Amino acid sequence: MTAQRNFSRPDVELLTINRQTSVRDALSLLDRSGAGMLLLVSPDGALERTVTDGDLRRLLLKGASLEGNLQDLPNQAPRVIGEGESRRAALDLMNQHGIHHLPVVGAQGKVVAILERKEIDAQILLSTPHMGDSERQYVEEAFKTNWIAPLGPNVDAFERELAEMVGARHAAALSSGTAALHLGLRLLGVGAGDKVFCSTLTFAASANPIVYQGAEPVFIDSDRDSWNMSPQALEQAFETARREGWMPKAVIIVCLYGQSADMDPLMALCRHYNVPVLEDAAESLGATYKGKASGTFGRLGAYSFNGNKIITTSGGGMLVSDDADLIAKARFLATQARDPAPHYQHSEIGFNYRMSNILAGVGRGQLQVLRSRVEARRQVFQAYREALSDLDFITWMPEPTWSYSTHWLTACTIAPHAGADRHSLMQHLAGELIEARPLWKPMHLQPVFQSCRYFAHGDASVSDQLFDQGICLPSGSNMSTVDVERIVDVIRRFRRRAS
Ligand SMILES: *Cc1c(COP(=O)(O)O)cnc(C)c1O
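Per chain, residues are indexed from 1 in the order of the written sequence. Where totals are concerned, whole chains, interfaces and linings use all residues; where local detail is concerned, this predicted model gives features only for residues with pLDDT of at least 70, and gives and counts side-chain atom pairs only at 80 or more. Just so you know, side-chain values use all the structure's heavy atoms and leave hydrogens and water out.

A. Region of interest: the site of the ligand. Nearness of a residue to a molecule or strand requires only that one of the residue's heavy atoms be within 4 Å of it. Around the ligand, the structure places 16 residues, and the nearest of them are Gly 177, Thr 178, Glu 283, Ser 304 and Lys 309. Polar contact is defined as a pair of N or O atoms within 3.5 Å, subject to the rule that within protein one atom must be able to donate a hydrogen and the other to accept it, and that residues adjacent in sequence are counted only when both atoms are side-chain atoms. Contact distances for the ligand include 2.7 Å between an oxygen atom and a backbone N or O atom of Gly 177. Between Thr 178 and the ligand, the recorded distance is 2.5 Å, taken from a side-chain N or O atom to an oxygen atom. The protein chains shown are the only cover counted for residues, whose accessible areas, like all others here, come from Shrake-Rupley with a 1.4 Å probe. Protein contacts shield 94% of the accessible area of the ligand, which totals 380 Å² for the unbound molecule. Note on conventions: DSSP H or I runs of at least 4 residues are helices, E runs of at least 2 residues are strands, and numbering of each starts at the N terminus. Broken down by element, the residue count for the shell around the ligand peaks at three residues, all from helix H8 (residues 177–187). Of the residues contributing to the shell around the ligand, the split by class is five nonpolar, eight polar and three charged. Following the grouping adopted for this structure description, the nonpolar residues are Ala, Val, Leu, Ile, Met, Phe, Trp, Tyr, Cys and Pro, the charged ones are Asp, Glu, Lys and Arg, and the polar ones are all others, Gly among them.

B. Highlighting the state of the cysteines. Pairs of cysteine sulfur atoms within 2.5 Å are identified as disulfides in what follows. Per the stated rule, a full pass over the model turns up zero disulfides. With no disulfide partner, Cys 270 has as its closest neighbouring cysteine sulfur the one in Cys 198, 12 Å distant. Summary of cysteine pairing: Cys 472 is not part of a disulfide, and the nearest cysteine sulfur, belonging to Cys 412, is at 8.1 Å.

C. Fine view of the sheet that holds strand E5 (residues 101–105). Two strands qualify as a pair provided DSSP detects at least 2 bridges between them. An order of E4-E5-E6 is seen for the three strands of this open sheet, with the pairing classed as mixed. Each end of this open sheet is capped by a strand with a single partner; those strands are strand E4 (81–82) and strand E6 (111–116). Any two residues whose heavy atoms approach within 4.5 Å at even a single point are treated as in contact. All axes here are fitted lines through C-alpha atoms, helices being fitted over the stretch that makes contact, and every angle between N-to-C directions spans 0 to 180 degrees. Across the face of the sheet, helix H4 (residues 87–97) comes into contact with E4, E5 and E6 while running at roughly 130° to E5.

D. Here's a closer look at the environment of Glu 141. One can find Glu 141 in helix H6 (residues 135–144). The exposure class of Glu 141 is partly exposed, given its relative accessible area of 42%. Sequence separation of Glu 141 and Val 362 is 221 residues, and the distance between their C-alpha atoms is 11 Å. Residue exposure (1.4 Å probe, protein chains only): buried if accessible area is under 20% of the type maximum, exposed if over 50%, otherwise partly exposed.

E. Expanded view of the side chain of Arg 354. Take Arg 354: it is sitting in the loop between helix H12 (324–334) and helix H13 (357–368). A distance of 2.6 Å separates a polar atom in the side chain of Arg 354 from a polar atom in the side chain of Glu 159. Dropping the residues within four chain positions of it, Arg 354 is found in contact with Pro 150, Leu 151, Val 155, Glu 159, Ala 172, Ala 173, Leu 174, Ser 175, Arg 331, Ala 334 and Thr 335.

F. Representation of the pairing of strand E3 (residues 47–51). Within E3, four of the five residues are buried, which leaves the element mostly enclosed by the surrounding structure. Relative to E3, strand E2 (residues 38–41) runs antiparallel, the two being bridged by four bridges. Along E3, the bridge assignment pairs Leu 38 with Val 51.

G. Region of interest: the packing of H6 against H13. Where H6 contacts H13, the axes come no closer than 7 Å and their chain directions differ by 155°. Taken together, the axes of H6 and H13 lie roughly antiparallel to each other. Handedness of the crossing formed by H6 with H13: right-handed. The residues of H13 that touch H6, namely those facing Glu 135, Tyr 138, Val 139, Ala 142 and Phe 143, are Asn 357, Ile 358, Gly 361, Val 362, Arg 364, Gly 365, Gln 366 and Gln 368. Any angle that falls under 35 degrees is termed roughly parallel, while one over 145 is termed roughly antiparallel, one within 65 to 115 roughly perpendicular, and all others oblique. When the near helix sits turned anticlockwise from the far one by under a right angle, the crossing is termed left-handed; a clockwise turn instead gives a right-handed crossing.

H. Inspection of the environment of Gly 45 at higher detail. Examined against the element boundaries, Gly 45 turns out to sit in the loop between E2 and E3. A residue is classified by how much of its surface remains accessible, and Gly 45, at 22% relative accessible area, is partly exposed. Distance in space between the C-alpha atoms of Gly 45 and Gly 109 is 7.9 Å, their sequence separation being 64 residues.

Next comes the structure, spelled out in structure tokens:
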């Protein structure tokens, strides 16, 4: 997180005048304060009206003298906002009246603060790109050498550097994480009529490629310890499949919100049934499971560099494996599956899925700052957790001892409490221009997948409950401590309202 910024807030005391104040003093106060507005209060201290430069000019034009007082200033209902109103409401008022300052009135009509547009209209987003120092240099190199292609030295280097960082032998840079998952399924031989097990609590991009291949997803619930695929539910699914005389062609294990799934028991089950694993580590680059990089457990692993991910190439993905042949085949399929012939000859259906040399340049720069981005996101999570530790209606996403999570997104559940739940908290945050999101809507609840089978963790579905109560808070590595404090404040005020 970046260090605290200091705002010079307009000082209510300093801007307060009354009917006895001289026009000269009022003008000079306006000049010095820079707030664009003074607060004219009546003897009981209540706000009577606001006074601008224009009001004073009109008074002078009507014949008032600089040394005269403000007795002749007409009465005018001030534009104010009540205490406890949202930023959204304040901004709407400012927009409606074309003003940049808005007094906040409390009890007895007294001004308690002045809102400034430039301070309040800052939106805090869930997760935004955060560039480092060297991305530009790699991109410029690509321009200088005219490597503006879906191939080139940045692509080769990015693959090498990422593979080395996660400890995979080989990597193929692709146009998206979705493309990486799609190619992964294709390489595992998933085709029409096959079934593929897939975590249910995830983004649709984990499951869509199963359908691209004409196969059918079977969804697996989460456990409570990691919120990722439940070994118990996976076992149930495998046993049911064996009883019914079929086997899935592959298992997609998703590692959510920067945290690895519980790989040992999951991998043991997949080995036992001899079904290959494709790890969807789109959200967990930089995380580890018992010290080994998330994304390197399955036969294949997929990462994403979409704009909201922990590092980004604006759009991109990577498929990794220890199997050189699989990655060579991935590169072949990703470049239209051209046979080695001078004429264009094809024996297989290919894709246009390669990453451009320009974007790979961005990726190389981003890779250099991955460690510090992970550190920053973990700090954001820690800051929320410490500042809100006394609020017992919040349960943070657990981080088991075997997990080193990047906390790509700070996620928690909100226990429904006296009419306050995650829906109302999200609304409340939105009113304060803070972007929060529910957890992913589980795939087995999606209209498009409603006919698919689902295996729950036990009698009750864990993912259903997580979705009902879960929320992701802004978690960008470029958030300031002031941003986090603002969100913490809003959550505390929400709590006070609710109780
Ligand atoms: C982002 C994401 C993807 C897709 O990655 P893209 O690069 O956006 O195609 C896949 N799975 C999960 C879990 C994701 O979060």
